[in-house]
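Listed below are the residues making up each chain.
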Amino acid sequence: MVEQLTEEDFDAKVLQASGKVVVEFFATWCPHCQRMNPIVADVAHRLEGEAAVYQVDVDRCPSLAAEYAPHGVPTFVLFDNGTLVQRMVGEQQEQSLLNLAA
């Protein structure tokens, strides 16, 4: 299972992190997000040691959602040393997520 972040720990685990961090902004009610769950879990496992992978529930973290996922869910955001590098909106193939963090 991929660790879910809150507004309280987002800065420490993402913005102050060294290296690459992939964050999926999702909603529990979103069927696209539900389909992505096993893929995101597999990507997190495959990237272990190379990049951190987290999830943010947009309903529980509305200010983060407004800032980083304004166009809908799921949204995948790559941070490198705390800087937003790339954003992808919508369902993604596993290889696309692996390439995002490469």
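Our structure's up above, just so we're on the same page.
Treat the numbers as computed from the prediction; the structure is a model and nothing was measured.

A. Representation of the sheet that holds strand β3 (residues 51–57) in the model. On the basis of which strands lie adjacent, the open sheet formed by 5 strands has the order β1-β3-β2-β4-β5 and mixed pairing. Two strands bound the open sheet, and with one partner strand each, they are β1 (4–5) and β5 (83–89).

B. Expanded view of the pattern of salt bridges. All chains considered together, the criterion is met by 3 salt bridges. Among the ionic pairs, glutamate 91 bridges to arginine 35, the shortest N-O distance being 2.8 Å. Highlighted residues: glutamate 91 in the loop between β5 and α4 (94–101) and arginine 35 in helix α2 (residues 31–46), separated in sequence by 56 residues. A salt bridge links glutamate 94 to arginine 46; the nearest nitrogen and oxygen atoms lie 2.7 Å apart. With a gap of 48 residues between them, glutamate 94 in helix α4 and arginine 46 in helix α2 connect regions that are remote in the sequence.

C. Layout of α4. Along α4, the positions that sit buried rather than exposed are Leu97, Leu98, Leu100 and Ala101. Across the axial projection of α4, the buried residues extend over an arc of 155°, all falling on one side. Looking at the packing, one finds that the buried side of α4 touches β2 (20–26), α2, β3, β4 (75–80) and β5.

D. Structural context of α2. An ideal rise of 1.5 Å per residue puts 22 Å on 16 residues; α2 measures up with 24 Å between its terminal C-alpha atoms. The largest bend in α2 comes to about 40°, at asparagine 37, with the proline proline 38 one to four residues further on. Cys33, Met36, Val40, Val43 and Ala44 are the residues of α2 that are buried. Where α2 is buried, its residues meet β2, β3, β4 and α4.

E. Representation of unusual backbone geometry. The amide bond that connects valine 73 to the next residue, proline 74, takes the cis arrangement and shows omega of -5°. Positionally, proline 74 belongs in the loop between α3 (62–68) and β4. Here the phi dihedral of asparagine 81 falls at roughly 50°; this positive angle occurs in a residue that is not glycine. By secondary structure assignment, the location of asparagine 81 is in the loop between β4 and β5.

About the criteria used
Residues numbered from 1 in each chain as written. Predicted model: local features only at pLDDT ≥ 70, side-chain atom pairs only at ≥ 80, totals over all residues. Heavy atoms only, no water. Pairing = 2+ DSSP bridges. Helix = DSSP H or I, 4+ residues; strand = E, 2+ residues; numbered from the N terminus. Salt bridge = Lys/Arg side-chain N within 4 Å of Asp/Glu carboxyl O. Buried < 20%, exposed > 50% of the residue type's maximum accessible area, 1.4 Å probe, protein only. Arc of directions from axis to C-beta. Contact = heavy atoms within 4.5 Å. Expected span 1.5 Å × (residues − 1). Bend = angle between axes of the 7 residues up to and from the residue.

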